[in-house]
Every structure is written in structure tokens, then in C-alpha cells.
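Structural features, examined
Residues per chain are reported as follows:
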Amino acid sequence: MWDAQMYHRYGAQRLQPSLDLARALENKKPRRILDVGCGSGMSTACLVSAFPDAEIVGVDLSQEMLQKAKENLPTVQFLLRDCSKPLSDLGTFDLIFSNAFLQWIPNQETFIARAFAMLRPNGAFAAQIPLAQEMPSFSCILEAEKQFPEKMKQIQPHKYVLHGAGDYYNMLASCTSDISLWITEYCHPMDSPEQILAFLQGAALRPHLEYLEPEEQALFFEDLLTRLKNRYPRQANGKILFPFRRLFVIGKADARIV
Ligand SMILES: C[S@@+](CC[C@H](N)C(=O)[O-])C[C@H]1O[C@@H](n2cnc3c(N)ncnc32)[C@H](O)[C@@H]1O
């Protein structure tokens, strides 16, 4: 269950990667764009302003996130779809854009192959994926989860499925020979460890909020907060830097491997 309000609490920090990915595509002139896992429309809004003449379709599995997207962008077509299933009935696209979505589906390699099959000549697949496993917050979460080994086995299928840059390169390389990859580490100044926790609750910790009982949640978040306090030191002015590492990939259809 996605909560648009919690997700938007750190809206500026979550928007920046979409802006950066759209900017990397600015000399393309896509006429038709698919925003997969569009959520509340934050990435879609970015596409609307980068490519004002394009027809844009947003797809997501969360009714609540889509509701917010429709309110914010009434002219865009938003559809409730499970993107782990084929989307070919939506037609072909000049750009398939995925911001912070891919990690939420298990069959990412199949998804990427299907996306390439939906690209028009000269089209592109562009994605931003958090490299959560490379951040200290990830080991804090794993440590805190150890309190509930049985429950975590149940929650595991609902958690994100993480891969590294090399894995994504391999997934794209079986579709195209024209691939760009880069990593950006955003460094968010936070006021408190509680803010880091709240940031994580907006996305990475959604499964914990959904499947842990209230008393389990209280124990889990208390333990996690202590670990975050220990891992992220305060700066001289009292702020805490929260580095967040993100992978960007762009694959071009004109070098498609068929
Ligand atoms: C972190 S949000 C990203 C939203 C948006 N792209 C943005 O940049 O703000 C991840 C989104 O993926 C969606 N999602 C997760 N699994 C999905 C699936 N199987 N099919 C479609 N959307 C899915 C969630 O509902 C959520 O809105």
C-alpha cells in the first residue's frame, strides 16, 4: 500500500532524479511517452514540462497514488496496471521512463525486454533505480529486521528486489548495444535521524508499515532509529547528511538487438 502523503513528505528530494533523467534526454523529441510506475505523478509532471508536446501515458498499480496523479495532472492519461505483466496493448512509445519503480517488480529483466519491444525506432528506455544496498541505511534496516525473522520471511516477497549497476548493464545489453549508465549520490541535509526514518518510510519501508503489527512496528522503528543515529553523524551545525545513491540507465532502440 503506497501512501501519497508520506511519499510527498520529501518531494523535492524524490523529484530531483526525474529532473536529471529527463534532462539527459532533452535532445530527444519523444511524441509518445510511457511513465511506468508513475505513482502520484511526480515523474509524470517532470515529463510534461520537459516534453510539453508529447502524449503521455502513466501506469501504476496503486489506486491511491493514481488518484493524486489524476488530481495534479488532469490532462494526462493515467491507467491502473500491473507493470510486471505485459503492457503491449498500450501500443508503441518513443520513450519509456521509469523513475524509482523497477526495483518494485521481481521480473525486471523480462520487464526491460518487453519495454524494448514496445519502443519505436529511435526510441529510448530510461530508468533511475536507487542503489539501496550500497547505503548505510540498508544495513541498519537488515539489522533491525533480525528481531522478527519469521515475519520477515512473510514480508520478503513484498520488499524491493535490488540489483547492482552491472546487473542492469547486462539486462540492457541483451536488448541494445547503445547504453549509458551513471551513478549520482545525492546528499540530503536532514535535521534529525527521525527525518531519515520518515524518508525511508515513504518508500523502502512501505512493506514494513503494511505487514508488521503495530507493536512490532513500534519495536522495529525504535531499533532502526537507534541504528540510524549511530550511523549518520551530525555536522558542525547540527544537520545530518543523508547520502542517497541512485543509478541511471538509458538504452537506445536504434541499436536494438533483435
Ligand atoms: C517510489 S514510487 C515512484 C513513483 C514515481 N515514478 C515518482 O517518480 O515519484 C514507486 C511506484 O511503483 C508502483 N508500483 C510498484 N509495483 C508496481 C507494479 N507491479 N505495477 C505498477 N506499478 C507498481 C507503486 O505503486 C509506486 O507508485
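Parameters at a glance
Here, residues in each chain are numbered from 1, in the same order as that chain's written sequence. Per-residue local features of the predicted model are confined to residues with pLDDT of at least 70, and side-chain atom pairs are confined, for both listing and counting, to 80 or more; whole-chain, interface and lining totals are unaffected and use all residues. Exposed residues have 12 or fewer other C-beta atoms within 10 Å of their own C-beta, buried residues have 20 or more, and partly exposed residues fall in between, where C-beta atoms are placed from the backbone. A run of H or I in DSSP becomes a helix once it reaches four residues, and a run of E becomes a strand once it reaches two; helices and strands are each numbered from the N terminus. Comment: arc refers to directions from the helix axis out to C-beta atoms. To obtain each axis, a line is fitted to C-alpha atoms, and for helices this fit is confined to the stretch in contact; angles are then taken between N-to-C directions over 0 to 180 degrees. Note on angle classes: values under 35 degrees are labelled roughly parallel, values over 145 roughly antiparallel, values of 65 to 115 roughly perpendicular, and the remainder oblique. Left-handed describes a crossing whose near helix is turned anticlockwise from the far helix through less than a right angle; right-handed describes the clockwise counterpart. Contact between two residues is assigned whenever their backbone-derived C-beta positions fall within 7 Å. Side-chain classes are defined by residue name, with Ala, Val, Leu, Ile, Met, Phe, Trp, Tyr, Cys and Pro counting as nonpolar, Asp, Glu, Lys and Arg as charged, and the others, Gly among them, as polar. Among buried residues, those of type Ala, Val, Leu, Ile, Met, Phe, Trp, Tyr and Cys that are joined through C-beta atoms within 7 Å form a set called a nonpolar core. One requirement defines pairing of two strands: DSSP has to find at least two bridges between them. Each residue gets a C-beta atom placed from its backbone. Should that atom fall within 6 Å of a molecule or strand, the residue is termed near it. Handedness of a crossover is defined as follows: orient the strands so they point away from the viewer, and if the path from the first strand over the helix to the second runs clockwise, the crossover is right-handed.

A word on helix α9 (residues 193–201)
Of all the residues in α9, the buried ones are Pro 193, Ile 196, Phe 199 and Leu 200. Buried residues of α9 fall within an arc of 110° about the axis and therefore sit on the same side.

Overview of the packing of helix α2 (residues 11–24) against helix α3 (residues 42–50)
Between α2 and α3, the shortest axis-to-axis distance is 9 Å and the interhelical angle comes to 40°. Of the possible angle classes, the one that applies to α2 and α3 is oblique. Considering the relative orientation of α2 and α3, their crossing is right-handed. Residues Gly 11, Arg 14, Leu 15, Ser 18, Leu 19 and Ala 22 of α2 form the contact with α3, whose own contacting residues are Met 42, Ser 43, Cys 46, Leu 47 and Ala 50. Of the residues that constitute the contact of α2 with α3, the class distribution is seven nonpolar, three polar and one charged.

Observations regarding the environment of Tyr 232
Secondary-structure assignment places Tyr 232 in the loop between α11 (214–231) and β7 (240–252). The class of Tyr 232 is partly exposed, set by 18 C-beta atoms lying within 10 Å. Along the chain, Tyr 232 and Ile 196 lie 36 residues apart, while their C-alpha atoms are 9.4 Å from each other. Setting aside its immediate chain neighbours within four residues, Tyr 232 contacts Pro 193, Ile 196, Ile 240 and Phe 242.

As for the nonpolar core
Among the nonpolar cores identified, the biggest contains 54 residues, and Ile 33, Leu 34, Leu 47, Ile 96, Ile 112, Phe 125 and Ala 126 are the most heavily contacted of them. Look past the residues within four positions of Ile 96 in its chain and what remains in contact with it is Leu 34, Val 36, Ala 115, Met 118, Leu 119 and Phe 125. Counting 16 residues, the second-largest nonpolar core is a separate cluster that includes Cys 140, Phe 199, Leu 205 and Phe 242.

Some details on unusual backbone geometry
In this structure, Ala 100 takes a positive phi of about 60° despite not being glycine. Relative to the helices and strands, Ala 100 resides in the loop between β4 (93–99) and α5 (108–117). Its identity as a non-glycine residue notwithstanding, Asn 122 has a phi of 70°, on the positive side. Position of Asn 122 relative to the elements: it lies in strand β5 (residues 119–130). Here Asn 122 falls in the exposed class, since 12 other C-beta atoms lie within 10 Å of it.

A short note on the sheet that holds β4
Pairing is mixed across the open sheet formed by seven strands, whose spatial order is β3-β2-β1-β4-β5-β7-β6. Looking at strand neighbours, the two that pair on one side only are β3 (77–80) and β6 (179–190), the edges of this open sheet. Direction aside, neighbouring strands of the sheet carry axes that sit 15° apart on average. For β4 and β5, the ladder comprises six bridges, and the chain directions are parallel. Across the sheet, Ser 98 pairs through a bridge with Ala 127, a residue of β5. In this fold α2 packs onto β4, β5, β6 and β7, with an angle of close to 150° to the strand it touches most, β6. The strands that α9 touches are β6 and β7; relative to β7, the one it contacts most, it runs at about 25°.

With respect to the site of the ligand
Near the ligand you find 21 residues, and of these Gly 37, Gly 39, Met 42, Ser 43 and Ser 62 are the closest. Mapped onto the shell around the ligand, the elements with two or more residues apiece are α2 and α3. Split into classes, the residues belonging to the shell around the ligand amount to eleven nonpolar, seven polar and three charged.

What to know about the pairing of strand β2 (residues 55–60)
Most of β2 is tucked away, with five of its six residues classed as buried. In this structure, strand β1 (residues 32–36) lies alongside β2, joined through five bridges in parallel fashion. Paired with Ile 33 across the bridge in β2 is Ile 56. The pairing of β2 with β3 spans four bridges and is parallel. Note on β3: the bridge partner recorded for Gly 58 is Phe 78. Once the chain exits β2 it traverses helix α4 (residues 63–72) before rejoining the sheet at β3, and the crossover so formed is right-handed.

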